[in-house]
Each structure stands twice: as structure tokens, then as C-alpha cells.
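Next come the chains, spelled out residue by residue.
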Amino acid sequence: MALTEPERRKLWVKAGGRCTLCKAYLLEGNLTAKEVPLGEGAHIVGQQATPGSPRGMGSDLGADDRDRAENILLACASCHTEIDKQQVTGLLTIDELTRRKLQHENQIRHQTGLTTDRRTTVLRVQGWVRGAAMELSKDTAALAVIRASDRFPLFMPAFDQHGIEIDLRHLPGEEDGTPAYYAAGRARIDSGVKDRLYEGIRTNQVHHLSVFAIARLPLLVYLGWALDDGVPTDVYQRHRRSDDWLWPTGGQDTQFTIEPIRDEHAEATDAILITNLSGTTHLKNLPPALTTCPAFCLRVDGDAAHEDIIATPQALRFLEKAIRRFFSNLEATNKPLQRLHVFGALPVSAAVTLGRSLKAADLRPKVVLYDLTQSGYAQVMEI
């Protein structure tokens, strides 16, 4: 091959140091991990107009132009060898290889031109749910971000190359949801968010956040409340039907309603919010001390509650609007209100979104969170 040095440099830069076809990184050996150049220049139109030069016959491309970067693919040795085999030249034609070269080089130019605001810092919160563990690896989060948004996951070296991770596993008292368990979980969330996330925001390393969380519902709500509501945030969840964290294709942009289910009292100091999204909670099952409180129900508009009711990112935005509108009306019509008692069942993303909405609403009354235990609902947290 007679590529000049300027043409060789152009080829490597445009291809981004990766194989045009299989995308292998071409500056690192698989055996030694040393930085060794492994890329080869593969001609699209063969270098010679002879039968022995793959795709060299039948083209009017001049001899000088055949050794220019525009006619060369940067390829790994395996792909170079394969495309030049006689058995595949009829499949990987000049037009097809030209198309793939242009597509690859355009992608490299686009992706390497992305500014930092197209990166998203990944926050993973891993906990047990009733003694069960669910997979939430770095690779799982990265795939969901890439597939669901126009962003790329950022796992900053300052955060151990795993993004920001808060581990709520192995805390004592989780199975029974003891007060000590929730106190420890809350402290660990505070430490992860305030000591690590806020430091990234302060040093201008965090511009956007992607949240993946597995934990019991009150801790998910508290997590949302603890996050900085000034940072744009996407919240993900694990979907039961597909058993993964990717948003399902063709999901519905569900709407939500919050409506009174027991008479409102303008002078009430306590009120109830039941969240019937992933399951159903009835007033009769709530603590007897709250039987006279005005009550409201968050439910799906025109659908029954189920685990995968949040099927699109847009549905989360609709949920956030409904919650914020409710809080605004509540503060305007129930001035003496001191405590809002929250019960019910929520998908992961909805629970975090509820917490973020509480923070944004700057609600004056305290929010009291409950967990369902074997003996009924127990108050576990106040924010």
C-alpha cells in the first residue's frame, strides 16, 4: 500500500482509531495491552485493476486516487482479510463499503464533538427489597442511558469509575423495616448525595444526572427529596415484564389524577395521600388514628394500577406535573396543615419523582412516610 503520511493521518483521524466495520479499538494489543497500532488500510476499490485485486476491476477510479484516504477503510486485520475474500466481494460491494465508511466517519465526528452537557453522571442506589437482590451493574445502567436518551453515561474517575454508588445492602433491620434500618439508610443516602454528588456539582463535573435505584419505597422517596432539584435529572426503573431497565418500545404516556376520597377540612392539621400506582391501598387499612383526616388519592387516569404503569419518560413528567399541582393547591386551601401522611404503592421511578416533587414544592407541612409491615402500616420517616 502506498499511502502517503498525510493520507494515512487523515484515515486514522476520520476513523477515530477504530475498525470501520467491527469498531474494534486499534491501538491496544489483546495479548499485552500495550499501545501498538493494529489498524490496516483496506482498499474499497482494489489498488490494482487486475483480477487478483479485490474490487479492482470495473471501476474507472484512477490509479493515483486508489491510494487516497477516501478509498481506504481503516480496519482490523480480521475484517481486512474477510472483505477481500472472493466469497464475500459480491456481498460487500464497493457501494456498500463506501456507505459504511461514510457512516462510521460521520458517527466518529458527531460523537467526539459532543460537549459535556451531553454526558450524564450515573447515580446507582443498590438495596435489598424484602430480602431480594436485583441486578444493577454499571453496564446495565450504561446501556439504558444510551438506548433511552441522546446522552452518554459518565463514570468519572473521581468517583471510582463507577459513577456515584450508594450501597444500602446489608444494613441491619432491613427485613423487618426497623427504625434503625431507616435511620441508617437515610444517613447513607445523605453521605452519598451530599459528600459525593454535591461535590461533583460544586466542581462543575456534574451537569446532568441519571438515577437508577433499588430500595424500599420510603428510602426511594427520601432519595428523590435529597437530590439537588437544580440539576436536570432522568430517573430509570426496572420493568417487570421485560426484566430490564430499558424503557419498553411503544409504551403509553400515562396521565395521572389526584383527587379527594374523603371530605376535606379547611382547618385540618393532618391529611393523607394514598399513592395507588403499582398497587391499591384502601382507607380502611390505614392507622386508626388517621380515620378523620381528609384524604387524597394519586391514581392512574383511566387505567388500573400495575407494576409497569410508568412505561415512558414522558409519563414521569406527567406524574411530576400532577404532584406539583396537588401540592400547590393543598398549600393554598389547607393553611393549618402540619403533616401529610403518605401511603401506598409506587414504581421505583415514581417514588423518586415523588420525592423530587416534594423538594421542588418546598411544602411547609412535614411529610410522614410509612412502610407496610406484617402488623400493618408503620411510620418510618419524616421529612
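Before going into details, it helps to say that this report is about the structure given with it. Computed from a predicted model, the values in this text were never measured in an experiment. (Residues numbered from 1 in each chain as written. Predicted model: local features only at pLDDT ≥ 70, side-chain atom pairs only at ≥ 80, totals over all residues. Heavy atoms only, no water.)

### Describing the overall build of the chain
Rules: In this description a helix means any DSSP run of H or I spanning at least four residues, a strand means any run of E spanning at least two, and both kinds are numbered starting from the N terminus. A 1.4 Å probe rolled over the protein chains alone gives each residue an accessible area, and that area as a share of the maximum for its type sets the label: buried under 20%, exposed over 50%, partly exposed in between. Contacts between residues were defined by any pair of non-hydrogen atoms, one from each residue, lying within 4.5 Å. Note on areas: these come from Shrake-Rupley sampling with a 1.4 Å probe, and a residue is covered only by the protein chains present in the view. Charge counting treats Lys and Arg as positive and Asp and Glu as negative, with His and both chain ends excluded. By convention, the point assigned to a charge is CZ for Arg, NZ for Lys, CD for Glu and CG for Asp.
Within the chain one finds eight helices and 13 strands. On the principal axes, the C-alpha backbone points of the chain span a range of 90 × 40 × 35 Å. Classification of the 383 residues of the chain by burial places 45% in the buried group. Considering only contacts in the chain between residues 6 or more positions apart, those separated by 24 or more positions represent 74%. Accessible area of the chain: about 19,500 Å², with a carbon and sulfur share of 49%. Averaging the coordinates of the 45 positive side-chain charges in the chain and doing the same for the 48 negative ones gives two points 2 Å apart.

### So, the packing of helix α1 (residues 5-15) against helix α3 (residues 94-112)
Here is the rule we go by: To obtain each axis, a line is fitted to C-alpha atoms, and for helices this fit is confined to the stretch in contact; angles are then taken between N-to-C directions over 0 to 180 degrees. Any angle between 65 and 115 degrees counts as roughly perpendicular, while under 35 counts as roughly parallel, over 145 as roughly antiparallel, and the rest as oblique.
Axis separation between α1 and α3 bottoms out at 7 Å; the angle between their running directions is 70°. Looking at the two axes, α1 sits roughly perpendicular to α3. Here Leu11, Val13, Lys14 and Ala15 of α1 lie close against α3, whose contacting residues are Lys101, His104, Glu105 and Ile108.

### Digging into the packing of aromatic side chains
Geometrically, a pair of aromatic rings is defined through the distance of the ring centres and the angle of the planes. Heads up, the condition is: Stacked, tilted and edge-to-face pairs are distinguished by plane angle, under 30 degrees for stacked and over 60 for edge-to-face with tilted covering the rest, among Phe, Tyr and Trp rings (Trp via its six-membered ring) whose centres lie within 6.5 Å. Distance and angle both matter: a charge sits over a ring if NZ of Lys or CZ of Arg is within 6 Å of the ring centre and within 35 degrees of the ring normal.
Enumeration according to the criterion identifies nine aromatic pairs in this entry. Measuring from ring centre to ring centre gives 5.5 Å for Phe326 and Phe327, while their planes differ by 50°; the resulting arrangement is tilted. A relative accessible area of 8% places Phe326 in the buried class. In this structure, Lys359 is placed above the aromatic ring of Trp225, and the distance from its NZ or CZ to the ring centre is 5.4 Å.

### Notes on the nonpolar core
The tendency in soluble globular proteins is for nonpolar side chains to be buried as a group. The following threshold applies: To define a nonpolar core, start from buried Ala, Val, Leu, Ile, Met, Phe, Trp, Tyr and Cys residues and group those joined through side-chain atoms within 4.5 Å.
Counting residues in hydrophobic clusters, the biggest one holds 67 residues, and the most contacted among them are Leu123, Ile189, Phe212, Leu223, Phe256, Leu277 and Leu319. Top element by residues in this core is helix α7 (residues 313-333). It accounts for eight residues. Discounting chain neighbours no more than four positions away, the residues touching Leu319 are Phe256, Leu277, Leu298, Ile310, Ala350 and Thr353. Membership of the second largest hydrophobic core comes to 17 residues, among which are Cys19, Leu26, Ala42 and Leu92.

### Observations regarding the pattern of salt bridges
Where we set the bar: Just to be clear on terms, a salt bridge is a Lys or Arg side-chain nitrogen sitting within 4 Å of an Asp or Glu carboxyl oxygen.
Within this structure, the stated rule accounts for 19 salt bridges. The partner of Arg99 in a salt bridge is Glu96, with the nearest N and O atoms 2.8 Å apart. In this pair, Arg99 and Glu96 are both assigned in helix α3, three residues apart and thus about one turn of the helix distant. Residue classification places Arg99 among the partly exposed residues on the basis of a relative accessible area of 41%. Lys101 serves as the salt-bridge partner of Glu105, at 2.6 Å between the closest nitrogen and oxygen.

### Side note on the environment of Asp308
As a reminder, the rule being used: Each polar contact in these results corresponds to two N or O atoms within 3.5 Å; when the atoms are within protein, one needs to be able to donate a hydrogen and the other to accept it, and residues that are neighboring in sequence are counted only if both atoms are side-chain atoms.
Inspection of the secondary structure puts Asp308 in the loop between β10 (295-300) and α7. C-alpha of Asp308 to C-alpha of Pro287: the two residues are 21 residues apart in sequence and 28 Å apart in space. Residue contacts for Asp308: discarding those within four places in its chain leaves Gln237, His239, Arg240 and Arg241. Side-chain polar atoms of Asp308 contact the backbone nitrogen of Arg241, separated by 3.0 Å.

### Overview of the sheet that holds β10
Convention followed: Two strands are said to pair when DSSP picks up at least two bridges between them.
Strand order across the open sheet formed by six strands is β8-β10-β9-β11-β12-β13, with mixed pairing between neighbours. With one partner strand each, in any of the chains shown, β8 (256-262) and β13 (376-382) form the two edges of the open sheet. The sheet shows a mean angle of 25° between the axes of neighbouring strands, taken without regard to direction. Pairing of strand β9 (residues 270-276) with strand β11 (residues 339-345) involves seven bridges; the strand directions are parallel. The residue of β11 that forms the bridge with Leu273 is Val342. Most of the contacts of α7 go to β8, to which it runs at about 40°, and overall it touches β8, β9, β10 and β11.

### A short note on the environment of Ser149
The residue Ser149 is located in the loop between α4 (138-148) and β4 (152-154) in this model. Each C-alpha atom, one on Ser149 and one on Pro336, is 43 Å from the other, the two residues being 187 residues apart in sequence. Within the structure, Ser149 has its side chain in polar contact with the backbone oxygen of Val145 (distance 2.8 Å). Reaching out from Ser149, the side chain makes a polar contact with the backbone nitrogen of Arg151 at a distance of 3.2 Å.

### Focus: α1
Here is the rule we go by: The arc refers to the directions leading from the helix axis to the C-beta atoms.
Buried within α1 are the following residues: Glu7, Leu11 and Ala15. Buried residues of α1 fall within an arc of 55° about the axis and therefore sit on the same side. Of the residues in α1, the exposed ones pointing more than 90 degrees away from the buried face are Pro6 and Val13. Buried residues in α1 make contact with β1 (40-43), β2 (72-75) and α3. Where α1 ends, the next residue or the one after it, Gly16, has phi of about 70°, a positive value.

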